Amino acid sequence: MNEKKIGVDYSILHQIDSPANRLIRDSIWGKENDIGQQSFITPSYLDDLIRRLRIGGESHVLDVGSGVGGPALYISSRTGCRIAGVDISNVGVDMSMNLARKSGLEGKAEFRLGDAMKTPFGDNTFDIAISLNVMNVFRDKVGLFREVLRVLKKDGIWAFLSGTFDMPDDPEVIRKMARGYLIPQYYDSLANYRGKLKEAGFQIEEITEYVSDFRVQNKKWGDAYKKHYKEIIKEQGRENTDYHIEYFDTYLRLIDEGKAANHLIISKKP
Ligand SMILES: C[S@@+](CC[C@H](N)C(=O)[O-])C[C@H]1O[C@@H](n2cnc3c(N)ncnc32)[C@H](O)[C@@H]1O
C-alpha cells in the first residue's frame, strides 16, 4: 500500500521566483542577502567559510545538496574556484545551471542531478567538499561520508553545517519534526556525528557552533510562513504549510531548550 507523502517538497521551494517564494525570501533575506540559499547561511557566513577552508582559485570544490546553486556560485564568484554541485531535485539543478549561465560562471561550475549517496564523480576528484544544512536527509550518514571520502583527494577537507539534536524521547516532538519536509529527516547528535565521521575514515579537525545565528534564521523562516500564510497555502497546500510551520515552531523550542543546535564540522581525509 502506498503511504501518503506529506510535507513541503524541496522542489517547490526551489522555484525561488514564484509569488509565495518571493514573499518568503524577501522577508527572510531582503534583496541584498538573497543569494538563492535554502539554508540559514548568509553571504557573510560564506565569506567566513571561504576563509576557514582557504578556498582559492586553485581549489576544486564539491557542494553536496547544492539546492538552486546559489551558495556554490557565490563561493566560485568570490574565489575563482571550480565548483560542482549534486542535488536530487531536477528543479534545483535546472535552476543552478540557469544561475551559472546568468552569472557567467558556466565555465567554472557544474551541477549534476543525483543522489549524494552515489555521486557521478570519480575517485580523488575534489580538494574540498562542503554541505550546507542538508545532512538530516541522509539515513545512512556513514555511507554518505564514505562516498564523500571517495571523491576527495588525500588531505581533502570535508566541511558540513548541520542541525545537531539531542532529540527528546517524545513521540509528539518526533512527529512534528518528521513531517516538515516531503523527504524524511534523520536527526543526529554531535556525538553521533563525531563517531560516524571516524567510522567512515575521517579525521575531525574543528567544530564550531552557530546556534545563535541559526535561531535568528529559523525564527525568520517561521515568521515568514505565518506572515504570508494565505499566499503560501496557494502554492504549498494548507496541510503541508501547517506541518512546515509546526516544524519551525518545534525546532525553535528545541533550540531554546538546548536540545537542538547547528554545527560546522570540519574534517580531513587522512
Ligand atoms: C535545506 S536544502 C539546502 C540547499 C543548499 N545547500 C543551500 O544551502 O541552499 C536541502 C537540499 O538537499 C537536497 N537533497 C535531499 N536529498 C538529497 C540526496 N539524497 N542527494 C542530494 N541532494 C539531496 C534537496 O533537494 C535540497 O536541495
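Residues numbered from 1 in each chain as written. Predicted model: local features only at pLDDT ≥ 70, side-chain atom pairs only at ≥ 80, totals over all residues.

Undergrad: Before we move on, could you go through the pairing of strand β4 (residues 126-132) and cite the residues and values that matter?
TA: Extensive coverage of β4 is indicated by the burial of seven of its seven residues. In the sheet, strand β1 (residues 60-64) pairs with β4 via three bridges, with the strands oriented parallel. Note on β4: the bridge partner recorded for Val-61 is Ile-128. Where β4 and strand β5 (residues 152-165) come together, six bridges link them in parallel fashion. (Buried ≥ 20, exposed ≤ 12 C-beta atoms within 10 Å, placed from the backbone. Helix = DSSP H or I, 4+ residues; strand = E, 2+ residues; numbered from the N terminus. Pairing = 2+ DSSP bridges.)

Undergrad: Outline the nonpolar core, supporting the account with residue identities and numerical values.
TA: With 53 residues, the main nonpolar core has Val-61, Ile-75, Ile-128, Ala-129, Val-148, Trp-158 and Ala-159 as its most contacted residues. Considering every element that reaches this core, the biggest residue donor is β5, with six residues. When sequence neighbours within four positions are dropped, the list of residues in contact with Val-61 reads Ile-55, Ile-75, Cys-81, Ile-83, Phe-126, Asp-127, Ile-128 and Ile-130. (Core = buried A, V, L, I, M, F, W, Y, C linked by C-beta atoms within 7 Å. Contact = placed C-beta atoms within 7 Å.)

Undergrad: Which residues make up the sheet that holds strand β2 (residues 82-87), and what are the values?
TA: If you walk across this open sheet you meet the seven strands as β3-β2-β1-β4-β5-β7-β6, and the pairing is mixed. A single partner strand is all that each edge strand has here, and the edge strands are β3 (109-113) and β6 (203-209). Geometrically, the sheet is characterised by an average inter-axis angle of 15 degrees between neighbouring strands, direction not taken into account. Those strands touched by helix α7 (residues 141-151) are β1, β4 and β5, and its axis lies near 150 degrees from that of β5. (Axes fitted to C-alpha atoms, helices over the stretch in contact; angles between N-to-C directions.)

Undergrad: Quick rundown of the site of the ligand? Include the residues and the values.
TA: In the region of the ligand, 23 residues are neighbours, and Ser-39, Gly-65, Gly-67, Ala-116 and Leu-132 sit closest. Listed by contribution, the elements that provide at least two residues to the shell around the ligand are α5 (70-79) and β2. Of the residues assigned to the shell around the ligand, the class counts are 11 nonpolar, 10 polar and two charged. (Near = placed C-beta within 6 Å. Nonpolar A, V, L, I, M, F, W, Y, C, P; charged D, E, K, R; others polar.)

Undergrad: Go over the environment of Leu-161 with me, naming the residues and quoting the values.
TA: You can see Leu-161 is positioned in strand β5. Put simply, Leu-161 and Ile-41 are 120 residues apart on the chain and 9.4 Å apart in space, counted from C-alpha to C-alpha. When residues no more than four places from it in sequence are discounted, the contact partners of Leu-161 are Leu-132, Asn-133, Asn-262 and Leu-264.

Undergrad: I'd like a rundown of the packing of helix α8 (residues 171-178) against helix α12 (residues 238-256), residues and numbers included.
TA: Running from amino to carboxyl end, α8 crosses α12 at an angle of 125 degrees, the nearest separation of the two axes being 8 Å. For the element pair α8 / α12, the angle class is oblique. The handedness of the crossing between α8 and α12 is left-handed. Contacts between α8 and α12 involve Val-173, Lys-176 and Met-177 from the former and Glu-246, Tyr-247, Thr-250 and Tyr-251 from the latter. Among the residues making up the contact of α8 with α12, the classes are represented as four nonpolar, one polar and two charged. (Parallel < 35°, antiparallel > 145°, perpendicular 65-115°, else oblique. Left-handed = near helix turned anticlockwise from the far one by under 90°.)

Undergrad: If you had to explain helix α9 (residues 190-200) to someone new, which residues and values would you point to?
TA: All of the buried residues in α9 are Tyr-193, Leu-197 and Ala-200. All buried residues of α9 fall inside an arc of 70 degrees around its axis, so they share one side. Opposite its buried face, α9 presents the exposed residues Ala-191 and Glu-199, each directed more than 90 degrees away. Looking at the packing, one finds that the buried side of α9 touches α7, β5, β6 and β7 (260-268). Two residues or fewer past α9, Gly-201 is found with a positive phi of approximately 115 degrees. (Arc of directions from axis to C-beta.)

Undergrad: Which residues make up the packing of helix α2 (residues 19-28) against helix α11 (residues 229-236), and what values go with them?
TA: For any two helices packed against each other, one specifies the crossing angle of their axes together with the interaxial distance. Their axes nearest at 8 Å, the elements α2 and α11 cross at an angle of 135 degrees. By the angle between their axes, α2 is oblique relative to α11. The hand of the α2/α11 crossing is left-handed. Contacts between α2 and α11 pair Pro-19, Ala-20 and Leu-23 from the former with Glu-231, Ile-232, Lys-234, Glu-235 and Gln-236 from the latter.

Undergrad: Now, about unusual backbone geometry: what can you tell me, with residues and values included?
TA: Of note in the backbone geometry, Arg-54 takes a positive phi value of approximately 55 degrees without being a glycine. When the 11 C-beta atoms within 10 Å are taken as the criterion, Arg-54 is described as exposed. Despite not being glycine, Asp-155 shows a phi value in the positive range, around 70 degrees. Relative to the assigned elements, Asp-155 resides in strand β5.

Undergrad: Pulling in residues and values, what's your account of the environment of Ser-212?
TA: With respect to the helices and strands, Ser-212 occurs in helix α10 (residues 211-227). Judged by local crowding, Ser-212 falls into the exposed class, with 10 C-beta atoms found within 10 Å.

Undergrad: Can you lay out α2 for me, pointing to particular residues and giving the numbers?
TA: When α2 is considered as a whole, its buried residues turn out to be Ala-20, Asn-21, Ile-24 and Arg-25. What you see down the axis of α2 is that its buried residues fit within an arc of 125 degrees, all on one side. The inward-facing, buried residues of α2 contact α1 (10-13), α10 and α11. Backbone geometry just after α2 places Gly-30 at a positive phi near 70 degrees.

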